[in-house]
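Residues per chain, in single letters:
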Amino acid sequence: INAGISGTTVQSYLHFVPLVFQDAQPSLIVIALGTNPGTTADLAPGYAALLAKLAPIAPLLAVGVTPQHQVEQKNAIIERAAQAAGVKFFQPRVSA
């Protein structure tokens, strides 16, 4: 399933989870969110809530964001949320 929705923020994606995964039985869910506009203050609670909502569905892999405004802060938030939820974190190494 490619459940990417252009322009979606972590907060708004929470509403799509039941629709996207209602009949699916994925073996892994890769989460690559956090690049669309929004503040880092919105990212922390939203990412933690998203991981909690997805965790019962399948194993998770959280992917950090690529170079952009506040990349270090965003990746730190994503990594902390992943660690707290027992989810593996992958940080892409891409040149700016």
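Going by the structure above, here's the rest.
Residues numbered from 1 in each chain as written. Predicted model: local features only at pLDDT ≥ 70, side-chain atom pairs only at ≥ 80, totals over all residues. Heavy atoms only, no water.

## With respect to the overall build of the chain
At step 1: For the chain, the count of helices and strands is four helices and three strands.
At step 2: Taken from N to C terminus, the helices and strands of the chain fall in the order α-α-β-α-β-α-β.
At step 3: Rg of the C-alpha trace for the chain: 13 Å, near the compact-globule value of 12 Å for 96 residues, within the 12% margin.
At step 4: Each principal axis of the C-alpha atoms in the chain carries an extent, and together these give about 40 × 25 × 25 Å.
At step 5: The burial tally for the chain puts 33% of its 96 residues in the buried class. (Helix = DSSP H or I, 4+ residues; strand = E, 2+ residues; numbered from the N terminus. Rg over C-alpha atoms; globule rule 2.2 N^0.38 Å. Buried < 20%, exposed > 50% of the residue type's maximum accessible area, 1.4 Å probe, protein only.)

## A word on the side chain of threonine 8
At step 1: By the element assignment, threonine 8 lies in the segment before α1 (10-13).
At step 2: Taking relative accessible area as the criterion, threonine 8 reaches 7% and is therefore assigned buried.
At step 3: When sequence neighbours within four positions are dropped, the list of residues in contact with threonine 8 reads Tyr13, Phe16 and Asn36. (Contact = heavy atoms within 4.5 Å.)

## A look at helix α4 (residues 71-85)
At step 1: The first and last C-alpha atoms of α4 sit 21 Å apart over 15 residues, in line with the 21 Å expected at 1.5 Å per residue.
At step 2: Those residues of α4 not exposed but buried are Val71, Lys74, Asn75, Ile77, Ile78, Ala81 and Ala82. One face of α4 carries all of its buried residues, which in axial projection span an arc of 160°. Exposed side of α4, more than 90 degrees from the buried face: Glu72, Arg80, Gln83 and Ala84 are the residues found there.
At step 3: Buried-residue contacts for α4 involve α3 (40-54), β2 (60-63) and β3 (88-90).
At step 4: One or two residues past the end of α4 sits glycine 86, with phi positive at roughly 70°. (Expected span 1.5 Å × (residues − 1). Arc of directions from axis to C-beta.)

## Quick look at the nonpolar core
Nonpolar side chains tend to gather and get buried jointly when the protein is soluble and globular.
At step 1: Ranked by size, the top nonpolar core spans 24 residues in total, and within it Ile31, Tyr47, Leu50 and Leu54 carry the most contacts.
At step 2: Of all elements in the fold, only α1, α2 (17-21), β1 (29-31), α3, β2 and α4 reach the threshold of two or more residues within this core. (Core = buried A, V, L, I, M, F, W, Y, C linked by side-chain atoms within 4.5 Å.)

## Observations regarding the packing of aromatic side chains
At step 1: If you walk through the whole model with that rule in mind, you get one aromatic pair.
At step 2: For the pair tyrosine 13 and phenylalanine 16, a centre-to-centre distance of 6.1 Å together with 50° between the ring planes defines the contact as tilted.
At step 3: The buried category is assigned to tyrosine 13, whose relative accessible area is 8%. (Phe/Tyr/Trp six-rings, centres within 6.5 Å; stacked < 30°, edge-to-face > 60°.)

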